[in-house]
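Given next are the chains, with one letter for each unit.
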Amino acid sequence: MHYRQTRAEISPAAIAHNAKWVRKTMAGGKLLGVVKADGYGNGVEPAVKALEPHVDGMAAGFMEEALAVRECGYKGPLVILEGCFSSSELRVCAENNLSPVVHCEQQLQEIEAGALSKPLWVWLKVDTGMHRLGWSEEQALQALQRLNASNNVAGVTLMSHLANADANHRLNAEQKQQFCQLSDTLKGFQARSLHNSAGLLNPDTRWPLQENDWARAGLLLYGVNPSSVTEVQPELKPSMRLVAPVIALHQLEKGESVGYGSAWSAERPTVIATVAMGYADGYPRQAKNGTPAMIRGKRVTLAGRVSMDMLTIDVTGIEGVQLGDDVELWGPNVDVRQVAACADTISWHLLTGVSGRVPRVVV
């Protein structure tokens, strides 16, 4: 039982809606649903259950996350995006039908030397400009040849990752061109994957997906548009609604301040509502005065610094506000992107940063 009414309401129906919308937008190819970071903060089980009928495979960040997906009962293709770094991990991959990404020499050597119960389908990551993980274009040919020569490999998907698909950037077209040229030149792979959520929306990176092209959708599946290039937010349904109750009301006179550092002062007689949500719950401490929220169907704004367990909002002029009223911090009525902008961060950070002390309530 949860006594504190602070919660993250999770909508599997919204996740399913978004997955169907992404598939329609793709107009071909295969859809990989990314459920890393506890389903982008939504909870891995509700994310997996909602996505399973609508995706061709799923992806987790590392082994523990992948096994958590299997524990949800999902038996389809499942990619480990960071790959494996030991022979014991590779054996677990074989036992659980997991597909590791191979992005460095150590990982390749482990596969070549492994004693596995069955061969693995692997994803070979090529660095086309992200410079975080992956083989250079020159190294990719030899790596692919070695994978195909190994009895531990059942097949290969060629992949890369876009660094700037959420914005207009010269590297977008360069990465797309390099990846396409590479995939036209290399022989011995069976599928390819370049597009992330933003890459599906950016005219500089998208292309008509073929039967063996995989798109790796993450943020879009949870109802948030990652792109500053293409506005599609009205088509999406946010899957997380972060909610907390009013636990106190105070009347301030003009000139009186609120919270640590007296960072906000009333410019008029003001009603302040204290809300049971703070940075220990994952709400960003750096959120500025004026950050939006909603109560009783009305937009309100943050007033004063966020503290560990509480924040304060200006509810002046909102009729009937009382203790126990729900405040939406982000969700269908408060765009998490606006909250992120007010905190100088990104939507991914906020969704995945909601702490474990906030119950996820499936609605």
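Residues numbered from 1 in each chain as written. Predicted model: local features only at pLDDT ≥ 70, side-chain atom pairs only at ≥ 80, totals over all residues. Heavy atoms only, no water.

Student: Please provide a residue-by-residue account of the side chain of Thr 270, values included.
Tutor: Positionally, Thr 270 belongs in strand 13 (residues 270–275). Residue class for Thr 270 comes out buried when judged on its relative accessible area of 0%. A polar side-chain atom of Thr 270 sits 2.6 Å from the main-chain carbonyl oxygen of Arg 268. Contacts of Thr 270, omitting those with residues within four sequence positions, involve His 250, Gln 251, Leu 252, Trp 264, Asp 314 and Thr 316. (Helix = DSSP H or I, 4+ residues; strand = E, 2+ residues; numbered from the N terminus. Buried < 20%, exposed > 50% of the residue type's maximum accessible area, 1.4 Å probe, protein only. Polar contact = N/O pair within 3.5 Å; in protein donor to acceptor, adjacent residues only side chain to side chain. Contact = heavy atoms within 4.5 Å.)

Student: Go over the pairing of strand 5 (residues 99–102) with me, naming the residues and quoting the values.
Tutor: Where burial is concerned, the two faces of strand 5 agree: the one with Ser 99 and Val 101 and the one with Pro 100 and Val 102 are both buried. Across 2 bridges, strand 4 (residues 78–80) lies against strand 5 in parallel orientation. Paired with Val 79 across the strands is Ser 99, a residue of strand 5. Each parallel crossover has a hand, and the one from strand 4 via helix 5 (residues 87–96) to strand 5 is right-handed. Read as a crossover between parallel neighbours, the route from strand 5 over helix 6 (residues 105–113) to strand 6 (residues 120–125) is right-handed. (Pairing = 2+ DSSP bridges. Right-handed = clockwise from strand over helix to strand, strands pointing away.)

Student: For the sheet that holds strand 5, give the residues involved together with the corresponding values.
Tutor: As summarised here, the arrangement of the 8 strands in space is 2-3-4-5-6-7-8-9, forming a closed barrel in which the pairing is parallel. Each adjacent strand pair in this sheet contributes to an overall mean axis angle of 30°, direction not counted. Packed on one face of the sheet, helix 4 (residues 63–71) meets strand 3 (57–60) and strand 4 and runs near 165° to strand 4. Along the sheet, helix 5 contacts strand 4, strand 5 and strand 6; its crossing angle with strand 6, the most-contacted strand, is approximately 125°. (Axes fitted to C-alpha atoms, helices over the stretch in contact; angles between N-to-C directions.)

Student: Residues and numbers for the nonpolar core, please.
Tutor: Residues Tyr 283 and Trp 330 are the most contacted members of the largest nonpolar core, which totals 109 residues. In this structure, Trp 330 is in contact with Met 240, Arg 241, Leu 242, Gly 282, Tyr 283, Pro 284, Val 336, Val 339, Leu 350, Leu 351 and Val 354, ignoring residues within four places of it in sequence. (Core = buried A, V, L, I, M, F, W, Y, C linked by side-chain atoms within 4.5 Å.)

Student: Describe the side chain of Ser 183, and please don't skip the residues or the numbers.
Tutor: With respect to the helices and strands, the residue Ser 183 is situated in helix 8 (residues 170–185). Filtering out sequence-adjacent residues up to four positions away, Ser 183 remains in contact with Leu 158, Phe 189 and Arg 192.

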